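# Close look at the chain arrangement
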Amino acid sequence: MRGRNERRRGAPSAPQASFELRIDSLAKGGEGVGHAPDGRVVFVAFTAPGDLVRVAVAAHHERWLRGEVVELLEAGPGRTDPLCPVFGACGGCDWQHLDYATQLEAKRQILADAIARIARLPLPERFSFRPSPSPYGYRSRARVAARRGRVGFRRRHSHAVCATSRCPVLVPALDGPLAELAARPPEPTGEWELTAGSDGRTSRARSPVRDSGSHVEIEVLGEWLHVSGGSFLQANVLLREPLAAAVVDAAGSGGRCLELFAGAGLFTLPLARRFTRLLAVESHPGAVADLEDNLRTAALPDVEILARPVERAFEDDALAAFRPEVVVLDPPRAGLEPAARDGLPRLGARRVVYVSCDPATLARDIGVLGDGGYALVALEGFDLFPQTAHVEALAVLERE
């Protein structure tokens, strides 16, 4: 019998303690990707395509390794200097060491790879990737941590606080509130949610938010929305309206539209002006209250709201009788639960407009739609989170 530490027959040998590695590409999680001398894939954070680095092995797996940079021997063409002094320690940003063109191309490739590899669908002719008008100063909401007199953001892979009084990805309106928190650290230990509205006003609330008075007002496509603390909000103020316009245009107009994960009504209000009937499904109590308030303010009282989790609405056939012509959905990062994923094709809608913040779960879900008789006719990426590896996408599917 072999000992516990004896290598299995056919398994690759352990690489040397450190070795040179050329970075070929960027992975979905943001790490650089290269190949070790034994052929295994190596993931290395804070590297750029074209970098030649000396890495030390931090984690072993039969098929891959995780490395840490010991020395940058040669910089790749897309490498640049980060703006933030705590970049690398703070867990908020992955890619400030990459120029913006390199970030965009990597995200475009990550999205395309997910559709091809997971959904097994051909990329549509209408495939584009929309950059943020600015790679900094775009984010209108942030959660700030406070612990033992230190204020800032969570450290990378840790719950510890990386202290800072400024963040270059935040909109200028949040510079003051963040600096104020850092100058007078609140007690007790916890997290605070900072949000900026379209009118320049800001809100600050302890997270999880329980104060119904904490809210901002945002304007999108001529509609004003009341958004309470804790309700979901697309945070990139520079792409919020272009994304909403793209969703509404993709949905078109007609008789019956079903919106899943409606939130406070970012898409709901403009959709309600284009369709005869609209059914909006949302489970978060604060978001439902915001949605009801926003519909009243917009004089759109005929929109039906189903205040329950989306998967439950599918499980009890609450959506079947509505017979939607178009379905618009903007699920969380985990995508659709099995009941919703399997039930969506059975609704028989002629078009599905899917907004996603994770290419892998998007590809999994639209793969099911593909099996259910839908074709992917358009795909557009939106860089809502520059300096990070997060990818937002809008997929449009039509029944064949």
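As shown above, the structure is provided for reference.
Here's what I pulled together on the structure shown here.

## Some thoughts on the pairing of strand 20 (residues 374-382)
- Within strand 20, 8 of the 9 residues are buried, leaving the element largely enclosed by the surrounding structure.
- Sheet topology note: the strand 7 (residues 126-130)/strand 20 ladder contains 5 bridges and is parallel. Within strand 20, the residue paired with Arg-130 across the bridge is Phe-382.
- Taken together, the 8 bridges between strand 20 and strand 21 (residues 392-399) define a ladder with antiparallel strand orientation. Across the sheet, the residue bridging to Gly-381 is Ala-393, located in strand 21.

## Focus on the sheet that holds strand 4 (residues 41-44)
- Strand order in the open sheet formed by 6 strands is 1-5-6-4-3-2, and the pairing between neighbours is mixed. Of all the strands in the sheet, the pair left with one neighbour each is strand 1 (18-22) and strand 2 (25-26).
- With 4 bridges joining them, strand 3 (residues 32-35) and strand 4 adopt antiparallel strand pairing. Bridging from a neighbouring strand, Gly-34 pairs with Val-42 of strand 4.

## Quick word on unusual backbone geometry
- The omega torsion of the bond from Ser-207 to Pro-208 falls at 0°, within 30 degrees of zero and hence cis.
- Mapped onto the fold, Pro-208 is located in the loop between strand 12 (202-207) and strand 13 (215-220).
- Unusually for a residue other than glycine, Arg-148 sits at a positive phi of about 50°.
- With respect to the secondary-structure elements, Arg-148 resides in the loop between strand 8 (141-147) and strand 9 (150-154).
- Residue Phe-261 is not a glycine yet carries a positive backbone phi of 60°.
- Its location among the elements puts Phe-261 in the loop between strand 15 (254-260) and helix 4 (268-272).

## A short note on the sheet that holds strand 19 (residues 351-356)
- Ordered by their spatial adjacency, 8 strands build an open sheet running 7-20-21-19-18-15-16-17, and the pairing between neighbours is mixed. Here the strands that pair on one side only, and so sit at the sheet edges, are strand 7 and strand 17 (304-306). The mean inter-strand angle of the sheet, taken between neighbouring strand axes irrespective of direction, is 15°.
- Pairing between strand 19 and strand 21: 6 bridges, direction antiparallel. Each bridged residue has a counterpart across the sheet, and for Ser-356 the counterpart in strand 21 is Ala-393.
- Across the sheet, helix 3 (residues 240-251) lies against strand 7, strand 16 (275-281), strand 18 (326-329), strand 19, strand 20 and strand 21, angled at about 165° from strand 19, the strand it touches most.

Reading the values: the criteria
- Residues numbered from 1 in each chain as written.
- Predicted model: local features only at pLDDT ≥ 70, side-chain atom pairs only at ≥ 80, totals over all residues.
- Heavy atoms only, no water.
- Buried < 20%, exposed > 50% of the residue type's maximum accessible area, 1.4 Å probe, protein only.
- Helix = DSSP H or I, 4+ residues; strand = E, 2+ residues; numbered from the N terminus.
- Pairing = 2+ DSSP bridges.
- Axes fitted to C-alpha atoms, helices over the stretch in contact; angles between N-to-C directions.
- Contact = heavy atoms within 4.5 Å.

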